[in-house]
Amino acid sequence: MYFRLLNVNRFLSSLVRVSKINSMNYNKCYLRYIDTEDKVDISFLFKVKDSYRLFNLKRKPSESMQTLYTRIAANVQKACSKKNKKKGMIEEDIDVKILDERDNIVSEDCTCSELFTLKEPLKLIISEQCLDVVLNAPWVINLSLPKSIMVDFPVFPENLETLYAEKELNIYNWYRGKVNNSKGNELSDVHVEWNFIVSSFSYTPKSEDIGLKLKLECIPVNAKLSGPVVECISKNLVEAGPGSCPFETRHMFTPTKLKGKRFRCVSYNILADLYCDSDYTRTVLHPYCPPYALQIDYRKQLIMKELKGYNADIICLQEVDGKIFNKCLKPFLDSDNFNGLFYKKGKTVAEGLACFYNRLRFCLIEDFHILLAKVLEKESYLKNIFDIIKNNTALMERLLDRSSVASATVLQSIENPNEILVVGNTHLYFHPDADHIRLIQGGIFIYWIGEIKKKLIEKNPGKRISVILCGDYNSVPSCGIYQLFTTGLAPSSLEDWKSNANEAVHDLTLSQDILLDSACGTPKYTNFTQGFAECIDYIFYEKNNLSVNQVIPLPNEEELKAHIALPSVVFPSDHIALVSDLEFK
C-alpha cells in the first residue's frame, strides 16, 4: 500500500523549517501525541542517496503499527523512486519496524498511542538506517522573523510558539549570509553560506550586516530533552537604520536599572497599527510621514529599542494591538525580565492597554480591569454620578457607547515588601466636544482606583498602599481631569461640563481623596501632530508616599519639528513617552 502525502494543518513543517544541515536532527524520529487533538505527529530526517529529506506524518492515535509501517515505507519509497528514476537505478523494497527497549519488534497490533506507554529507548528502523525514537520532545510550532530588519535595532524571534519547551532553556543561534554569488546571481536559501554570529534570544544587526540575510536557529529544550532544531530565514535583507533617534539621547539619562527604594515608570501611547493602516491616515492625518515609517513592521523596531533603553521597572502602554502585544512586546520584554498583562478595549476594537513590570523587582498580587461604560450603572460608589446624569438621554447614549477601559495592576516591591503599588492605566475618549465625557470617565477611573485601594488596605494591614495612574487622558492641564486628580475636586462650575450643549452636565461635582501630583509636570507637548500638539499624557503619583527622583527630559521642539511632526522616521508614535524615576518615601 502506498501512502499519499497529507496536507498537514498546523503541523511542524507548515510553520517552521526543520534544519536539514544541523547534525542534532540526524538519526532521530520525533513523535508527539496530543490526546486533545486526537493525533500523533511524526517527523524525521531520512537520508536518500546523498541528501536528507524531511518526512512528516499525521496519524490517528488508534492506527496500528502495521498501518504505520506501511505508511512510512510508502513515503520513503516515493522519495527514493524519484532519485532512482533520475539515475536509472532499480528500486529496492523499504522495510520498516520499531524496536522496543530489548530490541524486539513492536507488535503490529500495537497502536500509535500505545507507543507512548512503552519504556524507552525505542528505535525506528527504515531499511538499514536506525533512528532513535524521541517521545513528546520539546517542539517549535511557530517561528518567524520581522519583515523590517535594521542596523542598530534589535531583532528577535516573533510569533514564537512551543510545546513541552521551557523558554529559559531554549537555545537561539544567529547566522548571516550573502544572497548573491561572486557573479551577482541571487542564491536560493539552501545555497547561502551561513556564518555564525552569536547565541542569544535577540541580535542587534551591525553595519556589516547590510545587504545580508539573517537566519535564526532555534533548539527547543526542557529539563529532560531537546527537540528538533528548526530554522527561520529573514524574507528581506538587513537595511540601514534611520540614524540616531531622539529617544537615544533620552537613554543617556537611563543607562542602568534602578534599585532599592527607587523605580522607573514609563507611560507611552505607541499608536495602534489599526489607526495607521489606512489611506486616510497616510493622506490626511499624517501625510508628512513616509508610508514605510507608518507601517508597524518598521515602527515596532523603534518602539522596542526605545522601551528597552529606558531600563524601566514599570511600563504602561496605550493603543497596543493585541497581536503586537503577544507576538512582539511580550516575548521581547520577557527576555528583559518583564511580565506583561494586556487589557483589550470594549466592543470589537483590537487594541487596548498593557502593563509590564520587572519581575526581579515586583511581584504581581492581583490585577483588575473595567469597561468604563459598564460599571457606571452597576457600582454603588458611582451612584452619585449615575443619579445626576441618568436622565440626560443624549449624554447617556454617548457615554455608554464608549469602548474605553481602565486597568489596575497591583504590585508588591520585592526589595521593600511593605510597599504595594496600585498601577492604574487608561486611555480616555477623544473628541473635540467631549471634555464632559472625559471628565466623567476620569471620575469613574479614580473612584474605582480608590475602591481598590480601600480593599487592599483592609487585606494588607501593616503595608503601605500607593497609587500611580498612567495614561493618555486626551485632556490638557487646564481641563477638569487634571484638577480632579491633583486637587481632589472638579466642581460643577467647570467649563468641561458644557463642552457639548446638547449633553451639558448640571450640578455634578466630583471629588476624591488620593493626593496626586504629575510626575513629569505639564510639559508643553506629549502629543505632537500637524493638526494638534498639546500635553495630554500623565504619570500621576501619590505624593504623600512617593517622591520624584528624576524626570527624563522630553525632546525639544526643534527635534519634534525636524520631520514636520510625529510620527516620523525617528519617532514611532504621535505621542512622546513619559519617563520618571519615583522613590518610596
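Just above sits the structure.
Predicted, not measured: the structure shown is a model, and the values here were computed from it.

Caption draft 1: Spotlight on the sheet that holds strand S14 (residues 262–269). A sheet is described by the order of its strands in space; here six strands give the open sequence S16-S17-S15-S14-S29-S28, paired in mixed fashion. The sheet terminates laterally at strand S16 (338–344) and strand S28 (546–551), the two strands that pair on one side only. Each strand of the sheet is rotated relative to its neighbour by a mean of 25°, with strand direction disregarded. Taken together, the five bridges between S28 and strand S29 (residues 578–584) define a ladder with antiparallel strand orientation. Counted as the bridge partner of Gln 550 is Asp 581 from S29.

Caption draft 2: Up close: the packing of helix H11 (residues 435–459) against helix H12 (residues 480–487). Running from N to C, H11 and H12 point in directions that differ by 25°, and their axes come no closer than 9 Å. Accordingly, the angle class assigned to the pair H11 and H12 is roughly parallel. For the pair H11 and H12, the sense of crossing is right-handed. Seen from H11, the contacting residues are Arg 438, Leu 439, Gly 442, Gly 443, Phe 445 and Ile 446; seen from H12, they are Gly 480, Ile 481, Leu 484 and Phe 485. Among the residues forming the contact of H11 with H12, the class breakdown is six nonpolar, three polar and one charged.

Caption draft 3: Looking closely at the pairing of strand S15 (residues 314–321). Across the eight residues of S15, eight count as buried, placing the element largely inside the fold. In the sheet, S14 pairs with S15 via five bridges, with the strands oriented parallel. Bridge assignment links Ser 267 to a residue of S15, and that residue is Cys 316. Note: S15 against strand S17 (residues 351–358), six bridges, orientation antiparallel. Following the sheet pairing, Ile 315 is matched in S17 by Phe 356.

Caption draft 4: Region of the structure containing the state of the cysteines. Across all of its chains, the model carries zero disulfides by this definition. With no disulfide of its own, Cys 130 lies 11 Å from the sulfur of Cys 29, the closest cysteine sulfur. The closest cysteine sulfur to the non-disulfide-bonded Cys 479 is located on Cys 535, 11 Å from its own sulfur. When its relative accessible area of 11% is taken as the criterion, Cys 479 is described as buried.

Caption draft 5: Up close: the pattern of salt bridges. Inspection of every chain in the model, using the stated rule, returns 37 salt bridges. Residues Asp 41 and Arg 32 are paired through a salt bridge, measuring 2.4 Å at the closest nitrogen-oxygen approach. The exposure class of Arg 32 is buried, given its relative accessible area of 3%. We note a salt bridge from Arg 282 to Asp 277, for which the minimum N-O separation is 3.4 Å. For Arg 282, a relative accessible area of 28% puts it in the partly exposed group. Looking at Asp 277, the relative accessible area reads 53%, which means it is exposed.

Caption draft 6: Spotlight on empty space enclosed by the protein. The full count for this structure, using the stated rule, is three cavities of 30 Å³ or more. Of the pockets and cavities examined, the largest cavity occupies roughly 60 Å³. Looking at the largest cavity, the residues that line it are Pro 246, Phe 247, Arg 250, Tyr 268, Glu 306, Tyr 310, Pro 555, Phe 571, Pro 572, His 575, Ile 576 and Ala 577. Ranked by residue count, the leading element in the lining of the largest cavity is helix H3 (residues 246–251), at three residues. Its residues assigned to classes, the lining of the largest cavity comprises nine nonpolar, one polar and two charged. Each pocket or cavity is described by its volume, and for the second largest cavity that value is around 40 Å³. Lining the second largest cavity are Val 18, Asn 25, Lys 28, Tyr 30, Ser 43, Phe 44, Leu 45, Leu 54 and Pro 228.

What counts, and at which threshold
- Residues numbered from 1 in each chain as written.
- Predicted model: local features only at pLDDT ≥ 70, side-chain atom pairs only at ≥ 80, totals over all residues.
- Heavy atoms only, no water.
- Pairing = 2+ DSSP bridges.
- Helix = DSSP H or I, 4+ residues; strand = E, 2+ residues; numbered from the N terminus.
- Axes fitted to C-alpha atoms, helices over the stretch in contact; angles between N-to-C directions.
- Parallel < 35°, antiparallel > 145°, perpendicular 65-115°, else oblique.
- Left-handed = near helix turned anticlockwise from the far one by under 90°.
- Contact = heavy atoms within 4.5 Å.
- Nonpolar A, V, L, I, M, F, W, Y, C, P; charged D, E, K, R; others polar.
- Buried < 20%, exposed > 50% of the residue type's maximum accessible area, 1.4 Å probe, protein only.
- Disulfide = S-S within 2.5 Å.
- Salt bridge = Lys/Arg side-chain N within 4 Å of Asp/Glu carboxyl O.
- 1 Å grid on protein atoms, 1.4 Å probe; cavity = no way out; pocket = protein on both sides within 12 Å on 5 of 7 lines; lining within 4 Å.
- Points joined across faces, edges and corners; volume = space filled by probe spheres on them.

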